[in-house]
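# Understanding the architecture of this molecule
One-letter residues, chain by chain:
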Amino acid sequence: MGNKYIRLFACCLIVKGNRRATLVDLQRGDFIFLPLQIAELLLQSNSVTVAQLTSAYSEEDAGEISKYFDHLIKNEYAFYTDEPESFPLLCLDWKTPNHITNAIIDYDRNSFFNIRDVVNQLEQLGCATIQFRFYDAFDFSFLMQTLTHVADGIGKIRSIELSLCYNPLISKLQYLKLINLFPRVISVVIHSAPDGYDYKFPGSIHELRYIQQKITNETHCGFISPEYFRANKYFFTESLQFNSCLNRKIAVDKTGDIKNCPAMKHSFGSVFSTSLLEISHQPDFQKVWSMNKDKIEVCKDCEFRYMCTDCRAFIPDEYSKPAKCKYDPYTMSWA
Amino acid sequence: MPMILILTAHGDHSTDQTIDWLNYYNVQYQRINIDDLLANHTVAYSIDHNHSEFTIDQHQTSDFKVVWFRKSGVFRSSDLMLQSKNILSDQLSSFLSFEYTAFIQALTISFTKAKWLCNIEAVNSLDKTKQLILASKAGLDIPESLITNDRKQAIAFLQKLKGKSIIKPLAESEIFGTPENKYSISPKLLSKDFFRYFKRKKFLPSLIQEYLEKDIELRIFYLDSECYAMAIFSQLDEQTKVDYRNYNFKKPNRFVPYNLPKTILKSIQCFMEYAGLNTGSIDMIKTKSGRFVFLEVNPKGQYDMVSNPCNYFLEEKIALSLINKLN
Ligand code: SF4
């Protein structure tokens, strides 16, 4: 293989951290770790052959390197080729035709803003995904009503995530009815439940996730952990340029305040007195959108930075890494 | 106000995404889902001595400067058809579907002055054999092929190919049967002696082609003379070796962007011109020996499967192509 070139598949991207690198597989949604030296070699590998790459190394080291390469080939992260110029890198652009792409609407028993009105405004903004987070138990007819508002719209909203408070009066079958009636519902999490488990509806692809945790307000968010990492093209390319949580997001907190995120202190106005459209076009509102991981202390040296959902709500100061992150890229350890 | 007419099917995600871009660029369009055309729209074609005029809802055909034929829409699953199913052992539904085809034909012919993205007439007049002939004429390499209904001919052809051959449907690949017993009609490898042990001397004309030792498969989306190519590493996986559509969901084939050699690009442009197409999805194979072999073009192919892995933003490019044709 010496006179061939080793090429990573274009969907496998190297992210160098302070002490090691990750090889992020955007197609299969996974990642592996790489030593920094191997990452460096791979980054040069489209212009020089494997033999040239290893020529500066002792026989022993060259052997180690080839072993590493073989491992990457065997696991389909890379391939050998005679014509590296035929295999261009992946274009890493991210763009969207929609001014707002996602929204959070919080509600509890004291909230009294009009959900239908907010939903209509979101449709006008082109928002494709809405997350509803209900902190108190609402009855079935309220859930039906809320989803009907979305279903009656012009069809811009394509997916709905529900975070609901456990209500013993709503049966699993009623939830199934809801999901079947409103196919745009893609996930249902029921918090404050007596038991935590995932329930799969028999003969259906749908499921309910029950969790015991009591989610009573917006502070139950912003956790950083490998189980929340996302390795996909959309997320990765967006993270390269923009904030991976807040870009093109708009939130209405339980009091009706319009924010970048319900847990952030700053309110840009209230749904009772102004429109989402107006707020979302304000430069101040959009400022946080471009806060990508390369601008954030510590995160900018972290090998997980384009898989990790950021959080700007819980931070000691503007450029700090999320307070709820326990990872240290300088020691490669989780506290 | 000149408009774009989009002929597509209900729930087509690729159409939705392109429409998002049309909205972004602020242009007028009308979407028609062919499967619910009859239920949700009013159509009328009036013909008299002096002139003929087609109207769809409040628009006349002349309002549409550009027509994008994205998808045919499955008339079979429309309400009208479902109601007529099983009546008189499906004779009624077969009549209805002929009527419907005739109507669509009339509709498309009425757009004499519009610019098309994916001209329906070009699509309808292009079968697999014609594609191979045109491709070869345009300088593309094609697999050696034989369509025959005769066992002797088939045996001789296999001998000439030294045993390595595949058989595939002349029209489309299909899966049918009952939920318990599924038959998949798709490209299959033929054993060397397949026709020797075949009892019948004559059979339905079948397409036999030389088997190509794949290095990679290429899926190329063509739009207004540009090629957006993707390489599929299907030979790494036994399950997808003959046809990458035998998807392996656990470990999907690698899909990566690809740069085509200039000569191949030129030939593809030439071929598409011969075929009268300004868009389409082209399947090719690059063999182990370095041949680039044309297999087929699907004018209404799913561009999503190229756009997404390669991050080509084809949805936006299609929107821009339509807008370009408006001006
Ligand atoms: S340091 Fe930053 S990028 Fe790394 S895991 Fe923590 S929050 Fe994520």
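Residue indices follow the written sequence of each chain, beginning from 1 at its first position. Think of it this way: whatever chain is written first is A, whatever ligand is written first is 1, and the rest follow in order. Where totals are concerned, whole chains, interfaces and linings use all residues; where local detail is concerned, this predicted model gives features only for residues with pLDDT of at least 70, and gives and counts side-chain atom pairs only at 80 or more. Neither water nor hydrogens contribute to the side-chain values; these are computed over all heavy atoms in the structure.

In the nomenclature of an unreviewed UniProt entry, chain B is known as ATP-GRASP peptide maturase of grasp-with-spasm system of Pedobacter cryoconitis.

Under an unreviewed UniProt entry, the name given to chain A is SPASM domain peptide maturase of grasp-with-spasm system, and the source organism is Pedobacter cryoconitis.

### Describing the site of the ligand
To be near a molecule or strand, a residue needs just one of its heavy atoms within 4 Å of it. Ile224(A), Lys293(A), Cys299(A), Cys302(A), Arg305(A), Cys308(A), Lys321(A), Pro322(A) and Cys325(A) make up every residue found near the ligand. Side-chain classes follow a simple rule in which Ala, Val, Leu, Ile, Met, Phe, Trp, Tyr, Cys and Pro form the nonpolar group, Asp, Glu, Lys and Arg form the charged group, and the remainder, Gly included, forms the polar group. Split by residue class, the shell around the ligand holds 6 nonpolar, no polar and 3 charged.

### Focus: a nonpolar patch on the surface
On the surface, a cluster of nonpolar side chains totalling about 370 Å² of accessible area is made up of Ile87(B), Leu88(B), Leu92(B) and Phe95(B). Buried, partly exposed and exposed residues are distinguished by accessible area as a fraction of the type maximum, computed with a 1.4 Å probe on protein chains only: under 20%, between the cut-offs, and over 50%, respectively. Relative accessible area serves as the criterion here: at 36%, Ile87(B) is assigned to the partly exposed category. Exposure above 30% relative accessible area and no salt bridge define the residues that can form patches, which grow by joining like charges within 9 Å and nonpolar side chains of Val, Leu, Ile, Met, Phe, Trp and Tyr within 5 Å. All accessible-area figures derive from a Shrake-Rupley calculation using a 1.4 Å probe, and residue coverage is judged against the displayed protein chains alone. Basic side-chain nitrogens of Lys or Arg form a salt bridge, by our definition, when they fall within 4 Å of a carboxyl oxygen of Asp or Glu.

### Some words on the UniProt feature "domain: 4Fe4S-binding SPASM" (unreviewed entry) in chain A
UniProt positions are given in the numbering used here, feature names are shortened, and annotations may be inferred rather than shown by experiment. The feature "domain: 4Fe4S-binding SPASM" (unreviewed entry), as annotated in UniProt, sits at residues 246-303 of chain A in this numbering. Helix makes up 16% of residues 246-303 of chain A and strand 10%, and the two end C-alpha atoms of the span are 21 Å apart. Strands here mean DSSP runs of E at least two residues long; helices mean DSSP runs of H or I at least four residues long; both are numbered from the N terminus.

### Quick look at the nonpolar core
Among the nonpolar cores identified, the biggest contains 89 residues, and Phe69(A) and Ile268(B) are the most heavily contacted of them. With sequence-adjacent residues up to four places away left out, Ile268(B) is seen in contact with Leu140(B), Ile220(B), Tyr222(B), Cys227(B), Leu260(B), Ile282(B) and Met284(B). Each nonpolar core is a collection of buried residues, namely Ala, Val, Leu, Ile, Met, Phe, Trp, Tyr and Cys, held together in the definition by side-chain atoms within 4.5 Å. Ranked by size, the runner-up nonpolar core spans 57 residues in total, among them Val150(A), Ile160(A), Leu162(A) and Met291(A). Residues are treated as being in contact if the distance between any of their heavy atoms lies within 4.5 Å.

### Considering the side chain of Asn292(A)
Residue placement: Asn292(A) occurs in the loop between α9 (283-286) and β14 (327-328). In this structure the side chain of Asn292(A) is engaged in a polar contact, spanning 2.9 Å, whose partner is the backbone oxygen of Leu240(A). Identification of polar contacts relies on pairs of N or O atoms within 3.5 Å, with a donor-acceptor requirement for protein atoms, meaning one able to donate a hydrogen and the other able to accept it, and with residues adjacent in sequence counted only if both atoms are side-chain atoms.

### Some words on the interface of chain A and chain B
Taken together, the contact between chain A and chain B spans 29 residues of the former and 26 residues of the latter. For the pairing of chain A and chain B, the buried interface totals around 2,300 Å² over both sides, and the portion due to carbon and sulfur atoms is 54%. Linking chain A with chain B are 5 salt bridges. As a salt-bridge pair, Arg158(A) and Asp20(B) come within 3.0 Å of each other at their nearest N and O atoms. Scanning the region where chain A abuts chain B turns up 15 residue pairs in polar contact (both at pLDDT 80 or more). Across the side of chain A that touches chain B, the residue classes break down as 14 nonpolar, 5 polar and 10 charged. When two components associate, each loses some accessible surface as probed by a 1.4 Å sphere; the sum of these losses over both components is called the buried area.

### Comments concerning the sheet that holds strand β11 (residues 207-210) of chain A
Residue and element names in this part refer to chain A. Reading across from one edge, β10-β11-β9-β8-β7-β6-β12-β13 is the order of the 8 strands in this open sheet, with mixed pairing throughout. In this open sheet, the two edge strands, each paired with only one partner strand, are β10 (197-200) and β13 (258-259). Bridging between strand β9 (residues 185-191) and β11 involves 2 bridges; their strand directions are parallel. Bridge pairing in β11 links Ile190 to Tyr210. Pairs of strands are assigned from DSSP output, requiring at least two bridges between the strands.

### Let's talk about the sheet that holds strand β3 (residues 20-25) of chain A
Residue and element names in this part refer to chain A. Taken in spatial order, the 3 strands make up an open sheet running β2-β3-β4, and their pairing is antiparallel. In this open sheet, the two edge strands, each paired with only one partner strand, are β2 (12-16) and β4 (30-35). Going across the sheet, the axis of each strand differs from the next one's by a mean of 25 degrees, ignoring polarity. In this sheet, β4 lies alongside β3 in antiparallel orientation, the contact comprising 6 bridges. Considered in β4, the bridge of Ala21 is made with Leu34. Sheet strands touched by helix α3 (residues 59-74): β3 and β4. Its angle to β4, the strand with the most contacts, is close to 175 degrees. For helices, the axis comes from a line fit to the C-alpha atoms of the stretch in contact; other axes are also lines fit to C-alpha atoms, and the angle between any two N-to-C directions lies between 0 and 180 degrees.

### Brief notes about helix α1 (residues 36-44) of chain A
All names here are of chain A. Along α1, the residues classified as buried are Ile38, Ala39, Leu41 and Leu42. Along the axis of α1, the buried residues cluster in a sector spanning 160 degrees; they form a single face. Where α1 is buried, its residues touch β1 (5-8), β2, β3, β4, α2 (50-54) and α3. Regarding the arc, it is the one traced by the directions from the helix axis to the C-beta atoms.

### Description of the domain arrangement of chain A
All names here are of chain A. Domains assigned within chain A are domain 1 (5-86) and domain 2 (102-301). Placing the centre of domain 1 and that of domain 2 at their C-alpha centroids yields a distance of 39 Å. Facing the 10 residues of domain 1 at the interface are 6 residues of domain 2. Here domain 1 packs against domain 2, burying approximately 590 Å² in sum over the two surfaces, 78% of which is carbon and sulfur. Across the domain 1-domain 2 interface, the total number found is 0 salt bridges. Seen at the junction of domain 1 and domain 2, the total is 1 residue pair in polar contact (both at pLDDT 80 or more). Put simply, the parts of the chain that give the side of domain 1 that touches domain 2 at least two residues each are β2, β3 and β4. Its residues assigned to classes, the side of domain 1 that touches domain 2 shows 5 nonpolar, 3 polar and 2 charged. Throughout the structure description, domain borders are defined by an automatic or database domain assignment.

### Let's talk about the pattern of salt bridges
Residues and elements named next belong to chain A. Evaluated as defined, the whole model comprises 33 salt bridges over all chains. Salt-bridge contacts for Asp106 lead to Arg133; the nearest nitrogen and oxygen are separated by 2.8 Å. Placement of Asp106 in strand β6 (residues 102-107) and of Arg133 in strand β7 (residues 129-134) is noted, with a sequence separation of 27 residues between them. Here Arg133 falls in the buried class, since its relative accessible area comes to 10%. The partner of Asp198 in a salt bridge is Arg209, with the nearest N and O atoms 3.0 Å apart. Placement of the pair is Asp198 in strand β10 and Arg209 in strand β11, with a sequence separation of 11 residues. Take Asp198: its relative accessible area is 42%, and that puts it in the partly exposed class. Arg209 gets classed as partly exposed once you look at its relative accessible area, which sits at 41%.

### Description of the state of the cysteines
Note on terminology: disulfide denotes any pair of cysteine sulfur atoms within 2.5 Å. Applying the stated rule across the entire model yields 0 disulfides over all chains. Sulfur of Cys261(A): no disulfide; nearest cysteine sulfur belongs to Cys221(A) and is 6.1 Å away. The buried category is assigned to Cys261(A), whose relative accessible area is 12%. Distance from the sulfur of Cys118(B), which forms no disulfide, to the nearest cysteine sulfur (Cys227(B)) is 15 Å. Judged by relative accessible area, Cys118(B) falls into the buried class, the value being 1%.

### Some points on the packing of helix α5 (residues 140-151) of chain A against helix α6 (residues 172-181) of chain A
Residues and elements named next belong to chain A. Relative to each other, α5 and α6 sit at 10 degrees, their axes nearing to 11 Å. Regarding the angle of α5 to α6, the classification is roughly parallel. Counting all contacts with α5, which are made through Phe140, Leu143, Met144 and Leu147, the residues of α6 involved are Gln174, Tyr175, Lys177, Leu178 and Leu181. Here the contact of α5 with α6 is built from residues that sort into 7 nonpolar, 1 polar and 1 charged. Comment on the angle field: the value is read as roughly parallel under 35 degrees, roughly antiparallel over 145, roughly perpendicular from 65 to 115, and oblique elsewhere.

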